[in-house]
Amino acid sequence: MSLHQRGISDLFNELIETRIRQIIQVAKLQGQSIQTTLQTLDRFYAEGLMGEMQQGSEPREQTLAAWRRQLERLWPEVEP
């Protein structure tokens, strides 16, 4: 059975969006811009804190592009 059929996909997406909103809220409280927040995430990936250090540049760039899309979509909605 697929995750979507079992309803897990929606719950997972809600959890991820909640976490992204929390990251945005903390970034805003620290006075960070979207760009600074993305640079921090990029550094975390480079240091292996998020994702695999052995991950190639293409998967890493795809992951960071997904982060950028979500941050740009949710940034205006989140209050510090």
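Residues numbered from 1 in each chain as written. Predicted model: local features only at pLDDT ≥ 70, side-chain atom pairs only at ≥ 80, totals over all residues. Heavy atoms only, no water.

> How do you make sense of the overall build of the protein when you look at a structure like this?
Of the regular secondary structure elements, the protein holds four helices and zero strands. The N-to-C order of helical and strand elements in the protein reads α-α-α-α. Looking at the protein as a whole, 19% of its 80 residues are labelled buried. Intrachain contacts of the protein at a sequence separation of at least 6 include 63% that bridge at least 24 residues. (Helix = DSSP H or I, 4+ residues; strand = E, 2+ residues; numbered from the N terminus. Buried < 20%, exposed > 50% of the residue type's maximum accessible area, 1.4 Å probe, protein only. Contact = heavy atoms within 4.5 Å.)

> Help me understand the confidence of the model for the protein in this model?
Should pLDDT be low for a region, the predicted coordinates there are not to be read in detail. For the protein, the mean per-residue pLDDT works out to 84, and 85% of the residues sit at or above 70. The secondary structure element of the protein with the lowest average pLDDT is helix α1 (residues 3–6), at 56, and the one with the highest is helix α2 (residues 8–29), at 90. (pLDDT = per-residue confidence, 0-100.)

> Looking at this structure, how should I read a nonpolar patch on the surface?
Taken together, the side chains of I8, F12 and I16 present a nonpolar region at the surface, about 260 Å² in accessible area. With respect to the helices, strands and loops of the structure, F12 is situated in helix α2. (Patch = residues over 30% accessible without salt bridge, like charges linked within 9 Å, V, L, I, M, F, W, Y side chains within 5 Å. Areas by Shrake-Rupley, 256 points an atom, 1.4 Å probe, with all protein chains shown as cover. Salt bridge = Lys/Arg side-chain N within 4 Å of Asp/Glu carboxyl O.)

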